Amino acid sequence: MSVSHSSPLLELLRRSGGVAVLDGGLATELERHGADLNDPLWSAKCLLSSPHLIRQVHLDYLEAGADIIITASYQGTVQGFKAKGFSQEESEALLKKSVEIACEARDTYYTKCSEGSQNDNRDSSKIFIHRPILVAASVGSYGAYLADGSEYSGNYGDAMRVDFLKDFHRRRVQVLADSGADLIAFETTPNKVEAQAYAELLDDENVNIPAWLSFNSKDGINVVSGDSLLECASVAENCKKIIGVGINCTPPRFIHGLISAVEKVTTKPIIIYPNSGERYDPDLKEWVENSGVSDEDFVSYVNKWHEAGASLIGGCCRTTPNTIRAIYKALHRR
């Protein structure tokens, strides 16, 4: 049986009426809870310093209606952890820990659901519905590991080779695939070469869980490197182990057109989780305020995105549990 036929993602979509909700920004919420993420590891730093905060943010998103939570491993790599002085074994254990924390949050949520949603002390805005929940193990790009903003340019210089990128990602993907996650999320992929590396790696290593592959765009036409989005999405379409293709960390105003473009080349579920619309300044290493959209404006797009062909909808950088709760409500009013 192929991965696509046994995919937990496709089963989730079948059981949820053809559309499901992803979580939102992790780093934004960790910082709101008091975490200092000024580090090359970014949100993965909390795997070391404050795993309880990661668990709480996952739980916040589940209580906001998310059907899929994405682990804190986006900027967590074996190479990055070793640069901090950890051994190979310790580095791999931290990757596994990212999945364990998400699974623990799911278990806690199910316990809360079984306690009954009629508890008078409950916050009425929180959603306690026992439903299928998936854990997606995040794999950020090589540019994310560099921590220099190059995942927003896709320019890796001499590292722009399929063989190099396969070697870079190989052990991390192996570890996450065997960690108990339901699927792998290759996120914020900025160029076609890295997409090809992921697709080949899934086949070469006979990875035993499915994956999705999402790209980012800054012009609403191509991925950030300037590579054709249609060619990048075709890489995902042609890999049997990739069961979803989409767009993340991209301004909401571009999403509708990008969905229409991806639909031309894929038969797989389309996944979209835009950022707030704010612009990231790689020199300052911060988001530029007042350049984004409100939760209300963001959510006003949601049903249009679904009608255009998106099956999984959530948020990326600078979106919050309030954003996800509003997405959940918008989709469930249909």
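Presented here is a report on the structure given in the accompanying data block. The structure presented is a predicted model; accordingly, all values stated were derived computationally and were not measured.

1. Considerations on the overall build of the protein
Part 1: Per the secondary structure count, the protein includes 14 helices and ten strands.
Part 2: Taking all 334 residues of the protein together, 58% fall into the buried category.

2. Focus on unusual backbone geometry
Part 1: At Thr 188, a residue that is not glycine, the phi angle is positive and equals roughly 50 degrees.
Part 2: We classify Thr 188 as buried; its relative accessible area is 3%.
Part 3: Phi at Arg 318 is positive, roughly 75 degrees, even though this residue is not glycine.
Part 4: Within the element layout of this structure, Arg 318 appears in the loop between β10 (310-313) and α14 (321-332).
Part 5: Accessibility expressed as a relative area gives 23% for Arg 318, which makes it partly exposed.

3. Quick look at the packing of aromatic side chains
Part 1: According to the stated counting rule, one finds ten aromatic pairs in the structure shown.
Part 2: Measuring from ring centre to ring centre gives 5.3 Å for Tyr 142 and Phe 164, while their planes differ by 85 degrees; the resulting arrangement is edge-to-face. Here Phe 164 lies in helix α8 (residues 162-177) and Tyr 142 lies in helix α7 (residues 142-146), a separation of 22 residues in the sequence.
Part 3: Residue classification places Tyr 142 among the buried residues on the basis of a relative accessible area of 11%.
Part 4: Relative to Tyr 198, the ring of Phe 186 lies with its centre 4.0 Å away and its plane at 20 degrees, an arrangement referred to as stacked. One end of the pair, Phe 186, is in strand β4 (residues 183-189); the other, Tyr 198, is in helix α9 (residues 192-204), with twelve residues separating them in the sequence.

4. Let's talk about the pairing of β10
Part 1: Bridge analysis of strand β1 (residues 20-21) against β10 gives two bridges, and the strand direction is parallel. Within β10, the position partnered with Val 21 by the bridge is Ile 313.
Part 2: As judged from the three bridges shared by strand β7 (residues 270-273) and β10, these two strands associate in the parallel manner. Residue Ile 271 lies in a different strand from β10, and its bridge partner there is Leu 312.

5. A short note on the pairing of strand β6 (residues 242-248)
Each regular strand carries side chains that alternate between the two faces of the sheet.
Part 1: Summarising burial for β6: seven of the seven residues are buried, a large majority.
Part 2: As defined by bridge partners, strand β5 (residues 211-215) adjoins β6 across five bridges and the pair is classed as parallel. From the neighbouring strand, Leu 213 faces β6, where its bridge partner is Val 245.
Part 3: What joins β5 to β6 is helix α10 (residues 229-237), and the crossover it makes is right-handed.
Part 4: Strand direction decides the pairing type here: β6 and β7, joined by four bridges, are parallel.

6. A short note on the environment of Ile 255
Part 1: As for its position among the elements, Ile 255 is in helix α11 (residues 252-263).
Part 2: Note on Ile 255: relative accessible area 0%, which makes it buried.
Part 3: Ile 255 sits 53 residues away from Ala 308 along the chain, and the two C-alpha atoms are 9.8 Å apart.
Part 4: Non-local contacts of Ile 255, meaning those with residues more than four positions away in its chain, are made with Ile 247, Thr 250, Ile 272, Pro 274 and Trp 305.

7. Topic: α11
Part 1: Taking 1.5 Å of rise per residue, twelve residues should cover 16 Å, and α11 covers 17 Å from first to last C-alpha, within 8% of that figure.
Part 2: Of the residues making up α11, those classed as buried are Pro 252, Phe 254, Ile 255, Leu 258, Ile 259, Ala 261 and Val 262. Looking straight down α11, one finds its buried side chains confined to an arc of 160 degrees; they lie on one side.

8. Considering α9
Part 1: In a regular helix each residue adds 1.5 Å, so 13 residues correspond to 18 Å; α9 covers 18 Å between its end C-alpha atoms and thus fits that length.
Part 2: Inspection of α9 places Val 193, Glu 194, Ala 195, Ala 197, Tyr 198, Ala 199, Leu 201 and Leu 202 among the buried residues, and these make up the whole buried set.
Part 3: Taking the backbone nitrogen of Val 193 as reference, a side-chain oxygen 3.4 Å away marks Asn 191 as the first, capping residue of α9.
Part 4: Positive phi appears at Asn 206, one or two residues downstream of α9, with a value of about 50 degrees.

9. Section: the packing of helix α4 (residues 51-63) against helix α6 (residues 88-114)
Part 1: Contact geometry of α4 with α6 gives a least axis separation of 9 Å together with a crossing angle of 45 degrees. When the interaxial angle is binned, α4 and α6 end up oblique. You can see that α4 and α6 cross each other, and the crossing is right-handed. Counted together, Pro 51, Ile 54, Arg 55, His 58, Leu 59, Leu 62 and Glu 63 of α4 and Lys 97, Ile 101, Ala 102, Glu 104, Ala 105, Arg 106, Thr 108, Tyr 109 and Lys 112 of α6 form the full contact between these two elements.
Part 2: Across the contact of α4 with α6, the residue classes tally to eight nonpolar, two polar and six charged.

10. Observations concerning the sheet that holds β7
Part 1: Across the sheet, which stays open at both edges, the eight strands sit in the order β1-β10-β7-β6-β5-β4-β3-β2 with parallel pairing between neighbours. Edge positions in the open sheet fall to β1 and β2 (68-70), since each of these has one partner strand only.
Part 2: Pairing of β2 with strand β3 (residues 134-139), which is carried by three bridges, proceeds in the parallel orientation. Residue pairing across strands places Ile 69 opposite Val 135, the latter belonging to β3.

11. Some remarks on the nonpolar core
Part 1: Tyr 109, Ile 184, Phe 186, Ile 272, Trp 305 and Ile 327 are the most contacted members of the largest nonpolar core, which totals 83 residues.
Part 2: Excluding anything up to four places from it in sequence, Ile 184 contacts Ala 137, Val 139, Val 173, Ala 177, Val 207, Ile 209, Pro 210, Ala 211 and Trp 212.

Calculation rules
- Residues numbered from 1 in each chain as written.
- Predicted model: local features only at pLDDT ≥ 70, side-chain atom pairs only at ≥ 80, totals over all residues.
- Heavy atoms only, no water.
- Helix = DSSP H or I, 4+ residues; strand = E, 2+ residues; numbered from the N terminus.
- Buried < 20%, exposed > 50% of the residue type's maximum accessible area, 1.4 Å probe, protein only.
- Phe/Tyr/Trp six-rings, centres within 6.5 Å; stacked < 30°, edge-to-face > 60°.
- Pairing = 2+ DSSP bridges.
- Right-handed = clockwise from strand over helix to strand, strands pointing away.
- Contact = heavy atoms within 4.5 Å.
- Expected span 1.5 Å × (residues − 1).
- Arc of directions from axis to C-beta.
- Polar contact = N/O pair within 3.5 Å; in protein donor to acceptor, adjacent residues only side chain to side chain.
- Axes fitted to C-alpha atoms, helices over the stretch in contact; angles between N-to-C directions.
- Parallel < 35°, antiparallel > 145°, perpendicular 65-115°, else oblique.
- Left-handed = near helix turned anticlockwise from the far one by under 90°.
- Nonpolar A, V, L, I, M, F, W, Y, C, P; charged D, E, K, R; others polar.
- Core = buried A, V, L, I, M, F, W, Y, C linked by side-chain atoms within 4.5 Å.

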